[in-house]
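Observations on chain architecture
One letter stands for each residue in the lines below.
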Amino acid sequence: MKYRLIFRIAYSLLLARWKQTLVAAIGVTFSITMFITLLSFMSGLNDLLDGLILNRTPHVRMYKEIQVSKKQPIDYIQKATQGHNFIKSVKPKKDRIDIYNSEQIIQSLKKDTRVLGVAPKITAQVFFNVGSIDLTGSINGIDTEEENRLFKFSDYVTSGNFMDLKNVPNSIILGKGLATNMMVNIGDVVQVTTSKGEQFSLKVVGYFQSGLQDLDKVQSYASIKTTQKLLNQSENYITDIQVKLKDILWAPPTAKEYQEIYQIDAIDIQKANSQFETGSSVRSLISYAVGITLLIVAGFGIYNILNMLIYEKMDSIAILKAVGFSGQDVNLVFITIALSIGIFGGSLGLLGGFGLSSLIDQIPFNTESLPTIKTYPINYNPKFYMIGGVFSIITTYLAGYFPAKKASTIDPVIIIRGK
Amino acid sequence: MKSTTVLEAQKISKYFHDPVTIKILNEVSFSLQSSEFVSVIGKSGCGKSTLLYILSTMDTDYEGEVIIDGMSMRGKKEDELARVRNEKIGFVFQFHYLLNEFNVLQNVMLPGLKLGKYSEQEIEHRAYEKLSILGIKEEAFKMPNQLSGGQKQRVAIARALINEPLLIMGDEPTGNLDKKNSEIVFHIFEELAQVYKQTLLIVTHDNEFADRTSRIIEMEDGQIIKM
Ligand SMILES: Nc1ncnc2c1ncn2[C@@H]1O[C@H](COP(=O)(O)OP(=O)(O)OP(=O)(O)O)[C@@H](O)[C@H]1O
Ligand SMILES: [Mg+2]
């Protein structure tokens with residue numbers, strides 16, 4: 001009952017200056033619209049760029065690094081209790097580069113509840129023989145189905161069917177750039193020489209485009225079996241184990257843990273791609289900064305309108321007080337006016353932001369390197385709408401706070417006497 | 001009807017400090033019984049309005065005691081004083097202060113809605129009643145700026161009456177009206193006093209007006225010289 005009366009008074013005062021109030025509300029609408037659009041667009045862009053690398057990168061990659069032994073022979077016979085051992089010209093020892101016991105490791109990883117999936121991989125350096133020229137390149141031996149499930153392999157296979165890797169024996173999917181350089185088409189056969197000097201013929205069943213041109217000029221994919229055959233290795237030969245976790249943020253501790261448990265090298269995605277993280281966070285930061293600046297400007301608009309309204313309505317305020325409204329009531333009236341502007345302008349702004357970002361979502365955006373993208377990317381994250389809504393209310397409240405306080409302390413005697 | 005003390009002023013003094021400290025009211029004391037119709041007269045600048053603002057609880061910067069309906073106003077919080085004004089006092093100003101954003105009926109209803117003692121329908125019904133007592137029922141849905149000065153002042157009186165206050169105060173309520181309208185407004189006060197036994201305290205410049213009230217308080221230089 002009490003608040004209904006306050007609301008009614010606020011509403012009448014607001015209507016008495018509806019044009020200015022509308023302008024103030026439009027200010028809020030505009031800034032929220034821009035805030036939402038900017039964040040949705042920027043975040044869509046971020047997702048796109050991240051997806052370019054992050055979606056295709058395992059959260060934890062386990063492999064064997066060629067490196068010097070951590071313990072040199074001298075360390076076994078003589079503990080350096082006093083002084084240090086200096087050893088010169090240390091070389092890496094000859095060691096197998098495949099992962100020992102890979103089958104058991106994969107089985108035990110699959111039992112870990114944090115793990116979304118595990119995909120084994122073999123990387124092999126090869127030469128592609130084109131006439132008299134040899135092009136360097138590499139073949140990734142993959143488990144086709146798992147690779148697709150975890151790393152969206154099919155998204156990047158622009159021609160041909162990715163499942164042919166599994167179904168067609170001795171098949172290969174070439175990077176688009178590589179295929180162009182070699183001038184081969186789907187169905188052709190390419191000659192491959194391994195680093196051990198063995199020759200092999202592989203049938204091209206598709207092209208892939210990763211979005212990174214340099215990558216597409218050297219990379220190619222084959223099934224694990226084909227690669228093992230190519231390298232003349234047994235069925236246990238695996239050089240990488242790729243792990244995808246349920247949450248990307250768990251990667252660093254998990255990598256450390258695996259390194260301890262399985263005694264092999266493990267690198268997490270954050271370490272491997274730190275530059276992408278930085279880029280994304282800077283872009284979001286800029287969009288938030290611009291959005292919030294717009295809101296603050298709108299807040300000043302509301303502040304001005306309210307101040308003007310209070311000067312204009314001094315008499316009314318004095319009368320309200322004389323007939324028994326308290327300073328608190330008057331304060332509430334002006335806070336209500338400010339919040340109404342904020343809620344009205346803010347909701348329109350949320351709608352406007354949704355509209356504008358859907359519009360941008362329709363604009364065609366075709367680029368050679370991003371085959372899966374057809375229009376500008378937009379991220380419709382409800383979080384942005386929530387932040388926008390909450391911020392519009394907070395700003396308008398703050399904008400109304402001081403004028404309302406001023407109105408509540410107006411001394412009716414001064415006004416009534418002043419006539 | 002047994003008469004009780006509605007308002008009591010005890011040694012009220014008031015200073016203004018701008019530009020120099022001067023004493024405007026000097027130990028003013030008097031009391032007002034229920035159903036009295038009292039006028040306050042005195043030369044311009046003698047402190048009548050100042051006294052009225054103190055008595056109406058709007059001005060709290062004074063020495064002495066104001067007792068309304070047996071309660072001291074000293075030390076009350078701002079919202080408590082607002083409540084006293086709302087419930088017990090009806091104020092009529094020289095310049096008919098109405099809220100231009102509301103129509104006549106709403107203006108009259110406003111203090112009633114604030115008090116919240118009755119339902120909105122009941123308050124509306126009472127507002128009509130007051131307007132018809134004051135003979136301006138037809139103007140209920142007009143906006144204040146569509147009324148004449150006399151009509152506005154009658155609306156202000158209706159508003160002062162809506163919560164059936166203990167006391168109505170007026171600061172030169174006829175000061176801004178012509179002869180004819182002054183006469184109407186005075187009649188209304190007279191009727192309120194005689195028929196409805198309303199207690200009234202009215203500041204006026206008009207000696208004719210004052211002579212027709214039941215008691216005259218005369219002031220000079222911040223003091224009461226006759227009452
Ligand atoms: N805010 C103020 N600061 C300083 N002096 C003031 C202030 N308000 C009023 N006064 C002085 O106080 C004195 C009393 O003023 P008040 O308005 O009470 O007189 P009044 O009796 O109502 O006169 P009038 O009949 O002309 O309305 C005057 O001399 C006036 O100049
Ligand atoms: Mg005066």
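Cut-off values and rules
- Residues numbered from 1 in each chain as written.
- Chains lettered and ligands numbered in written order.
- Predicted model: local features only at pLDDT ≥ 70, side-chain atom pairs only at ≥ 80, totals over all residues.
- Heavy atoms only, no water.
- Pairing = 2+ DSSP bridges.
- Helix = DSSP H or I, 4+ residues; strand = E, 2+ residues; numbered from the N terminus.
- Axes fitted to C-alpha atoms, helices over the stretch in contact; angles between N-to-C directions.
- Contact = heavy atoms within 4.5 Å.
- Domains from an automatic or database assignment.
- Salt bridge = Lys/Arg side-chain N within 4 Å of Asp/Glu carboxyl O.
- Buried < 20%, exposed > 50% of the residue type's maximum accessible area, 1.4 Å probe, protein only.

**Details of the sheet that holds strand β9 (residues 215-220) of chain B**
All names here are of chain B. Read from one edge to the other, the open sheet built from six strands follows the order β6-β7-β8-β3-β9-β10, with strand pairing classed as mixed. Looking at strand neighbours, the two that pair on one side only are β6 (89-92) and β10 (223-226), the edges of this open sheet. With strand direction ignored, the average angle separating the axes of adjacent strands in the sheet is 25 degrees. Where strand β7 (residues 167-171) and strand β8 (residues 199-203) come together, five bridges link them in parallel fashion. Among the inter-strand pairings, Asp171 is bridged to a residue of β8, identified as Val203. Packed onto the sheet, helix α2 (residues 78-88) meets β6 and β7 and runs at close to 80 degrees relative to β6. Contacts between helix α6 (residues 179-194) and the sheet are confined to β3 (37-42), β7 and β8, with β3 contributing the most and set at about 140 degrees to the helix.

**A look at the environment of Asn101(A)**
Topologically, Asn101(A) is positioned in the loop between α3 (73-77) and α4 (102-111). Taking the C-alpha atoms as reference points, Asn101(A) and Leu39(A), 62 residues apart in sequence, are found 47 Å from one another.

**So, the domain arrangement of chain A**
Taken domain by domain, chain A holds domain 1 (2-54 + 276-418) and domain 2 (58-72 + 92-269). Centre-to-centre separation of domain 1 of chain A and domain 2 of chain A, based on C-alpha positions: 51 Å.

**Re the pattern of salt bridges**
Residue and element names in this part refer to chain B. Enumeration over the complete set of coordinates arrives at 21 salt bridges over all chains. The partner of Glu164 in a salt bridge is Arg126, and the shortest N-O contact between them spans 3.2 Å. In this pair, Glu164 sits in the loop between α5 (149-161) and β7 while Arg126 sits in helix α4 (residues 120-133), placing the two residues 38 residues apart along the sequence. Residue Glu164 is classed as partly exposed on the basis of its relative accessible area of 44%. Notably, a salt bridge pairs Glu139 with Lys142, separated by 3.0 Å at the nearest N-O pair. Residues participating in the shared-partner salt-bridge network are Glu122, Arg126, Lys130 and Glu164.

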